[in-house]
Amino acid sequence: MMSTTLSCIAQQGKHGAAMMPIIQGVGRAATEIAYLLRGAVFRGALGAAGGENVQGEQQQKIDVLSDEIFLEEMRSTGFVCAVGSEEQEELQVIEEYADAEYLVLVDPLDGSSNLDIDGPVGTIFSVVRRISDRSQRPVESDTLQAGRNVIAAGYVLYGPATMLVCSVGAGVHGFTYNPNSARFELSHPDMRMPASGGYYSVNEANADKWLDGLKDKFVMMKQRTGLGMRYVGSMVADMHRTLLKGGVFLYPADEKNPNGKLRLLYEAIPMGFLVVQAGGKAMSRGGSVLDIQPEGLHQRVPVYLGSADAVDMLA
Ligand code: AHM
Ligand code: MG
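Residues numbered from 1 in each chain as written. Chains lettered and ligands numbered in written order. Predicted model: local features only at pLDDT ≥ 70, side-chain atom pairs only at ≥ 80, totals over all residues. Heavy atoms only, no water.

Caption draft 1: Layout of the coordination of the magnesium ion (ligand 2). Within the protein, the magnesium ion (ligand 2) binds to Glu86 (OE), Asp107 (OD), Asp110 (OD) and Glu267 (OE); these donor distances fall in the range 1.9 to 2.7 Å. Read N to C, the donor residues that coordinate the magnesium ion (ligand 2) are spaced as E-x20-D-x2-D-x156-E. With glutamate 86 in the loop between strand 3 (80-85) and strand 4 (92-93) and glutamate 267 in helix 5 (residues 264-277), this residue pair connects regions lying 181 residues apart in the sequence. Each member of the pair, glutamate 86 as well as glutamate 267, carries the same accessibility label: buried. (Donors = N, O, S within 2.8 Å, 3.2 Å for Na, K, Ca; no water. Helix = DSSP H or I, 4+ residues; strand = E, 2+ residues; numbered from the N terminus. Buried < 20%, exposed > 50% of the residue type's maximum accessible area, 1.4 Å probe, protein only.)

Caption draft 2: Local environment of the site of ligand 1. In the vicinity of ligand 1 lie 17 residues, with Asp110, Gly111, Tyr231, Met235 and Tyr251 positioned nearest. At 3.3 Å, a side-chain N or O of glutamate 267 approaches an oxygen atom of ligand 1. When ligand 1 sits alone it has 480 Å² of accessible area, and the protein chains cover 82% of it. A molecule is said to occupy a pocket when more than half its atoms come within 2 Å of that pocket's grid points, and by this definition ligand 1 occupies the largest pocket. Grouping the constituent residues of the shell around ligand 1 by class yields 5 nonpolar, 5 polar and 7 charged. Shared between two domains, the shell around ligand 1 takes at least three residues from each, and those domains are domain 1 (6-188) and domain 2 (199-314). (Near = heavy atom within 4 Å. Polar contact = N/O pair within 3.5 Å; in protein donor to acceptor, adjacent residues only side chain to side chain. Areas by Shrake-Rupley, 256 points an atom, 1.4 Å probe, with all protein chains shown as cover. 1 Å grid on protein atoms, 1.4 Å probe; cavity = no way out; pocket = protein on both sides within 12 Å on 5 of 7 lines; lining within 4 Å. Sits in = over half its atoms within 2 Å of the grid points. Nonpolar A, V, L, I, M, F, W, Y, C, P; charged D, E, K, R; others polar. Domains from an automatic or database assignment.)

Caption draft 3: The domain arrangement of the chain, seen in detail. Taken domain by domain, the chain consists of domain 1 (6-188) and domain 2 (199-314). Computed from C-alpha atoms alone, the centre-to-centre distance between domain 1 and domain 2 is 22 Å. Between domain 1 and domain 2, the residue contacts involve 47 residues of the former and 31 residues of the latter. At the boundary of domain 1 with domain 2, total buried surface from both sides reaches about 3000 Å², with 62% on carbon and sulfur atoms. Of all residues in domain 1, Leu144, Arg148 and Tyr155 give up the largest surface area on contact with domain 2, accounting jointly for 20% of the area buried on that side. Put simply, domain 1 and domain 2 have 2 salt bridges between them. Two residues, glutamate 86 and arginine 263, come together in a salt bridge whose shortest N-O distance is 3.7 Å. (Contact = heavy atoms within 4.5 Å. Buried area = accessible area lost by both parts, 1.4 Å probe. Salt bridge = Lys/Arg side-chain N within 4 Å of Asp/Glu carboxyl O.)

Caption draft 4: Highlighting the side chain of histidine 173. When you line up the elements, histidine 173 lands in strand 9 (residues 173-178). Here the side chain of histidine 173 touches aspartate 190 through a polar contact of 3.0 Å, landing on its backbone nitrogen. What histidine 173 contacts, discounting residues up to four positions off in sequence, is Gln12, Leu164, Val165, Cys166, Leu186, His188, Pro189, Asp190 and Met191.

Caption draft 5: Structural detail: the sheet that holds strand 9. As summarised here, the arrangement of the 8 strands in space is 4-3-5-6-7-8-9-10, forming an open sheet in which the pairing is mixed. Looking at the sheet topology across the chains shown, the edges are occupied by strand 4 and strand 10 (183-188). Strands in contact with helix 1 (residues 16-39) are strand 3, strand 5 (102-110), strand 6 (121-129), strand 7 (152-158), strand 8 (162-167), strand 9 and strand 10; relative to strand 7, the strand with the most contacts, it is inclined by about 20°. Packing against the sheet, helix 2 (residues 61-77) makes contact with strand 3, strand 4, strand 5 and strand 6, and its axis sits at approximately 155° to strand 5. (Pairing = 2+ DSSP bridges. Axes fitted to C-alpha atoms, helices over the stretch in contact; angles between N-to-C directions.)

Caption draft 6: Representation of the pattern of salt bridges. What the rule picks out here adds up to 14 salt bridges. The closest approach of N and O atoms between aspartate 291 and arginine 148, which form a salt bridge, is 2.7 Å. On the criterion of sequence distance, the pair formed by aspartate 291 in the loop between strand 15 (287-288) and strand 16 (303-306) and arginine 148 in the loop between strand 6 and strand 7 is long-range, its members being 143 residues apart. The partner of aspartate 312 in a salt bridge is lysine 281, with the nearest N and O atoms 2.7 Å apart. Pair noted here: aspartate 312 is in helix 6 (residues 308-314) and lysine 281 is in strand 14 (residues 281-284), with a separation of 31 residues, a long-range link. Look at lysine 281 and you get partly exposed, because its relative accessible area is 28%. Within the structure, one salt-bridge network assembled from shared partners comprises Glu72, Arg75 and Glu96.

Caption draft 7: Examining the sheet that holds strand 14 more closely. Pairing is mixed across the open sheet formed by 6 strands, whose spatial order is 12-11-13-16-14-15. The outermost strands of the open sheet, each flanked by one partner alone, are strand 12 (228-229) and strand 15. Across 3 bridges, strand 11 (residues 199-201) lies against strand 13 (residues 247-251) in parallel orientation. Residue pairing across strands places tyrosine 199 opposite glycine 247, the latter belonging to strand 13. Taken strand by strand, helix 5 contacts strand 14 and strand 16, and its axis lies near 30° from that of strand 16.

As structure tokens, then:
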């Protein structure tokens, strides 16, 4: 039987055909990053790279390598004019295709501190259409678009299997890398978030420092829903479980992170887009994640993502 590969995206919704080459590029990057991860300990690619990213966080060598791989694969599609990355202070313009129509935002290796313990990590991405004229060079303001403008988004989970989960605005579909065929094959068609049940997922050690009156609401939510608890501390792994099993993932504001820890463009918007496409709810402080107008490439926001009933009790 013929398996369904990433090319099926071309038939999905009105943006599927345009997004397919970009998502296939993400798939190629994912295959290379997965390979790199498997052998990283032998090649000395784990451990600090010696630099800091824009957030002042230690960059691991593998963060830098993953970023290079992703940029290269976006270049090779010919449809991407620039990439905004969590690992790069400024927008990376792809000079040969500076007149192309799309920009991609990426966290090339999210949760990389989990690599010390051979824990799961991920790549998170979204695609927007440029605002500036195609005769000009793309600029940072092209990336500062609310989640409502996102055309496609997804993540790759590097777990026991490598999975690519994405949406072009026509539902959320999960593809698993098959080492026998060397392709991503459709394994989770039309992922829908369960309306109830599942788990809550949060770094509860911060509860005494949470802002926005969350602590009391949280106690109430636990009592009313009876949800179990799971927390990997790697957003892609925690969100993948939340999409499949239901419940809520949150990274709220706290005294140390008054706007939360996660980045609007690289983490909150793409995951929010997927959650909404899967029938769930994506909230930030005072409204939907998808309605926030970004003001900077590396802005952070509190996030509450998951099944509507649990999210509504918290946000
Ligand atoms: P990173 O982009 O520096 O890897 O940080 C993001 C990660 C997320 O994957 C995860 O949800 C969060 O940090 C966990 O933070 P904490 O350790 O504070 O619970
Ligand atoms: Mg990250």
